[in-house]
Amino acid sequence: MSVKRWEDDATVWHGPDYGAEVLHYHPEVGSAAVAGRIITCVEVIDWTGTGSRDLLISAWDPCYDGRVFLRRQIGTHEDGTPVLGEEELIEGVRGYVTAVKDGDTFHLVSASRMRKQIYVFPNIGSKGSPEFGEPLRLELDADWVKGNEYFHMARFHDIDGDGVPELIVGSDYWDDYWPNGLEWNDEGYRGYDDAGRWLGGPLRGFLYAFKNTGTLSNPVLEKGKALIAGETALEVYGQLAPAFGKFGGQKDSLIAGEFWNILHIARQREDGSFEPTSLLRTPDDEVLELDQCIHLPCVVDWDGDGREDILVGAEDGYVTFLKNCGDGADGLPRFEKRGRVETTKPLIHAGVLPSPAAHDFSGDGHFDLVVGNSSGELLFYPSREENGSIYLGKEHMLEAGGKPVRIAAGLDGSIQGPSEKMFGYSCPTIADWTGSGHMDLLVSDVTGRHRLFRNTGEKTIPPRFAEEEFLTYNGKPLKTVWRVRPAVVDWQQNGQLHYLALDENGVLSDWTRSSDTELVNKRHVRWENGDAIRFTVDVGGGRGRVKLCLCDWEGTGRMDLIFGTHARACVPPDPKTGAPRNTTKQAGLFLSRNVGTPEEPRFAFPLPISFKGETIAMAMHVASPEAVDWAGRGALDLIVGVEDGTIVWLKREELSW
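Summarised in this report is the structure supplied together with it. (Residues numbered from 1 in each chain as written. Predicted model: local features only at pLDDT ≥ 70, side-chain atom pairs only at ≥ 80, totals over all residues. Heavy atoms only, no water.)

1. Observations concerning the overall build of the protein
When you go through the protein residue by residue, the secondary structure sums to one helix and 57 strands. For the protein, the C-alpha radius of gyration of 25 Å lies close to 26 Å, the compact-globule estimate for 657 residues. Overall, the protein is about 80 × 55 × 50 Å in size when its C-alpha atoms are taken along their principal axes. Expressed as a percentage of the 657 residues in the protein, the buried residues total 59%. Looking at the protein as shown, the accessible area adds up to about 24,400 Å², and 45% of this sits on carbon and sulfur atoms. Side-chain charges of the protein comprise 67 positive and 101 negative groups, with the mean position of each set lying 3 Å from the other. (Helix = DSSP H or I, 4+ residues; strand = E, 2+ residues; numbered from the N terminus. Rg over C-alpha atoms; globule rule 2.2 N^0.38 Å. Buried < 20%, exposed > 50% of the residue type's maximum accessible area, 1.4 Å probe, protein only. Areas by Shrake-Rupley, 256 points an atom, 1.4 Å probe, with all protein chains shown as cover. Lys, Arg positive; Asp, Glu negative; His and termini not counted. Charge placed at Lys NZ, Arg CZ, Asp CG, Glu CD.)

The structure is reproduced here in C-alpha cells:
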C-alpha cells in the first residue's frame, strides 16, 4: 500500500521576502556556528580551484526551497581546520546537493525529496570559475527493495573500482512506519497502545548503485541494484545518506546517516558487497551519539592531519565536525565529536522552528530573547543597541539546576512515533508566574507537558533557573496537544494569572493559577459566536503546533490574541474556507480581536496579518510571533521565529490586518 505524506502536497516557499528584517549578531561576534536552513546537507569541495576546503550547504526543499549556499575557506585555524567566510547563494540549484570531481572541475548532484527527482547540474565553467548549465534529470529504475521509496540523498562514487563513478542513492521508506497505514493527520490514527508501545513499524532506508555508462556531465544509468551488507540489503532506520572514505584501508568504507542520532560504518569486501554495518564509535569505544536527527555526512580531511574526518549536517541546520582519532582494535576508525563548525561571518540561526519570547533581563532598556526550537533547547540572546541598530549577542544555552535545558521526546514522547525521539519543540513564554518579582519560564514541548523553570533571582546574564517543575491539573501533570506556545494573562488586572494553551483535544483553553504548579477551573475560550476555538480539522499530530501571544495589540485595554500557525492549520475549522490551509497554504500569523469582557473574553474570527501588503507566508511548519515594543518606540511590533532558524523583526507600520 502506498501512503501519501502531508509533505507530498507541500507548497514551496515563495515569500514575502523577509531578508531585510532578519535580526543580526552584533559586529563584535566574530565567530558563531555555520548553518544551513532546515535539515542541512553538507559537502566540501575545492570551489576556487586553489586546493581550498570550501563548504557547500543545502537544505530540504519542501520547507525553505532547498536553497544552496557556499562558504569559502578564507584561512586556516591553528588546529588545521578552515576559516570560513560569508555566505553566498548558489543561484538555480536546490535540494540536497553533493559534488563529483571531473578532471579539473566538478559537477553538482541534487536529490529532491519532495519531487522524487535527481538532477545533475553540469559545470560548464572552468577550474576556479564554476558555472552550471541546464540541469539534467536522471531517470532511475532499480530492483527496489520495497518500492514507493523516496530518494533521500545521492552522490557519485566509484564503488566497483573501475575508474568510473556510479550514482549511489540512499532511499527513505515510510509505508511500514504508519500504524494501520494511517498517517498522523488521519482520522483514527493511534500511535501507541495503552502500554506505550508504538503500533507502527520502523522507518527504512536502503542504498542503491546505478552503473554509469555515460559521462559525469551527461550520465547514462543502468538499472540500479541494492547494495548488500552481510547477507541482506544494506538498511538503516530511514533517510539513508551515504558518504565514502578509505580510513586507512584499500577498500571503501561507507558512512551512512539515518533518521536517528547515530552514524553507521560498513567496510567493503573484495566482492563489492559490504560487511554488516556497525555504529560509529568514540575513542572510548562508546557509541558516538549526535545531538539531533536526520544526519547527512560527508568525508573529508577537515583538519589537514592526513586522516579522513566526517562533517555531518542535521535537522537542526548545524554542521558538526567529527575528528578521526585513529583506528580501534577492530580496525574501524574512532571519532571525537568536536562540536559545531563555525564561521567568521555568522548569521543568526536559532536551530529550526525557533519560538522566541522577549524580556529585558539585563535591565538596560532593550529586550533580550529566549528562543525554543525543534531540538528542545532554550537559547538566550542578549540584545544591544548601537548607532540606532539593535543587535543580538552570541547565544547561550540556558541551564536549569546547573544543567543545559534539552527537552527530548524519547521513544514514546512524540505523537508521531519513535522516529522523533530527539525532537523537543520547546515553546517558551516569559512571566512572573511565581510572584517573586523575577521572570520565570513556562515551556511546553513535543510531549504536551508544561514545565515551569523558576527564576533563581540572581542578577546574572544569562539568567539562571531552577530545575524543571511540571504544571498540574486535577493533581496530575497537565497533558495537552503538542508544540503549543502557551500564554499567561491577567484578564481582570487583579493579580490573578491565567494560563492559556490548547487542551488534549486541540481546543483553546484557559486555566486559573492556583499555586506555582497547580492549575484549576479549566474553561474553553470561544469565538464571538460562542463556538470553542479550534485551529485545525486534522487529528493526531496535526493538532497543536500553534503559537499563542496575548497582548493589547490595538490599544483598547483588552488583551487580543495573535497566533502563528502551520501550513495545514484551518481557522476557523472549516475544511473548505479555513486559513491558511485554503489561502496561502503556508504558515501564517493571525489577529483575533478581544470582543468579550474581562470576566468572559471572546474573540473575533481571525484576520490574516500582512507584511508590506502581502499576506504573511512562512513555509510549512510554523510562524512563531512575539509582540513586543522592540525598539522602544511606544508601539508593539512582531518578533517572529521562521522555521529555517532566522528571527525577523516586523515593524508595526509595515503590518496590516
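2. Details of the packing of aromatic side chains
A full pass over the atoms with the stated rule returns 29 aromatic pairs. With a centroid separation of 5.6 Å and an interplanar angle of 75°, the aromatic rings of tyrosine 177 and tryptophan 178 are classed as edge-to-face. Relative accessible area serves as the criterion here: at 0%, tyrosine 177 is assigned to the buried category. Between the aromatic rings of tyrosine 177 and tryptophan 198, the centroid separation amounts to 4.9 Å while the plane-to-plane angle is 40°, which identifies the pairing as tilted. (Phe/Tyr/Trp six-rings, centres within 6.5 Å; stacked < 30°, edge-to-face > 60°.)

3. Considerations on the side chain of aspartate 516
Along the chain, aspartate 516 turns up in the loop between β42 (508-513) and β43 (518-524). Within the structure, aspartate 516 has its side chain in polar contact with the side chain of arginine 513 (distance 2.4 Å). Residues contacting aspartate 516, with those up to four places away along its chain left out, are Trp433, Thr434, Leu452, Arg454 and Leu471. (Polar contact = N/O pair within 3.5 Å; in protein donor to acceptor, adjacent residues only side chain to side chain. Contact = heavy atoms within 4.5 Å.)

4. Remarks on the state of the cysteines
For the structure on display, the rule yields zero disulfides. The thiol of cysteine 298 is unpaired, and the distance to the nearest cysteine sulfur, on cysteine 41, comes to 8.0 Å. For cysteine 298, a relative accessible area of 1% corresponds to the buried category. (Disulfide = S-S within 2.5 Å.)

5. Overview of the sheet that holds strand β35 (residues 440-444)
Pairing within the open sheet is antiparallel, and its four strands lie in the order β34-β35-β36-β37. The open sheet has two edge strands, β34 (427-431) and β37 (469-470), and neither has a second partner. Sheet analysis places strand β36 (residues 450-453) next to β37, joined by two bridges and oriented antiparallel. Counterpart to leucine 452 in the pairing with β37 is glutamate 469. (Pairing = 2+ DSSP bridges.)

6. Structural notes on the layout of surface pockets
Think of a ball as big as a water molecule: rolled over the atoms, this probe shows where empty space is left. The computed volume of the largest pocket comes to approximately 830 Å³. Along the walls of the largest pocket sit 37 residues, with Glu43, Val44, Ile45, Ala99 and Lys101 positioned nearest its centre. Those elements giving two or more residues to the lining of the largest pocket turn out to be β2 (40-45), β6 (96-102), β7 (105-112), β10 (150-157), β17 (241-245) and β21 (296-300). For the lining of the largest pocket, the residue count by class is 14 nonpolar, eleven polar and twelve charged. (1 Å grid on protein atoms, 1.4 Å probe; cavity = no way out; pocket = protein on both sides within 12 Å on 5 of 7 lines; lining within 4 Å. Points joined across faces, edges and corners; volume = space filled by probe spheres on them. Nonpolar A, V, L, I, M, F, W, Y, C, P; charged D, E, K, R; others polar.)

These figures capture arrangement, not role.
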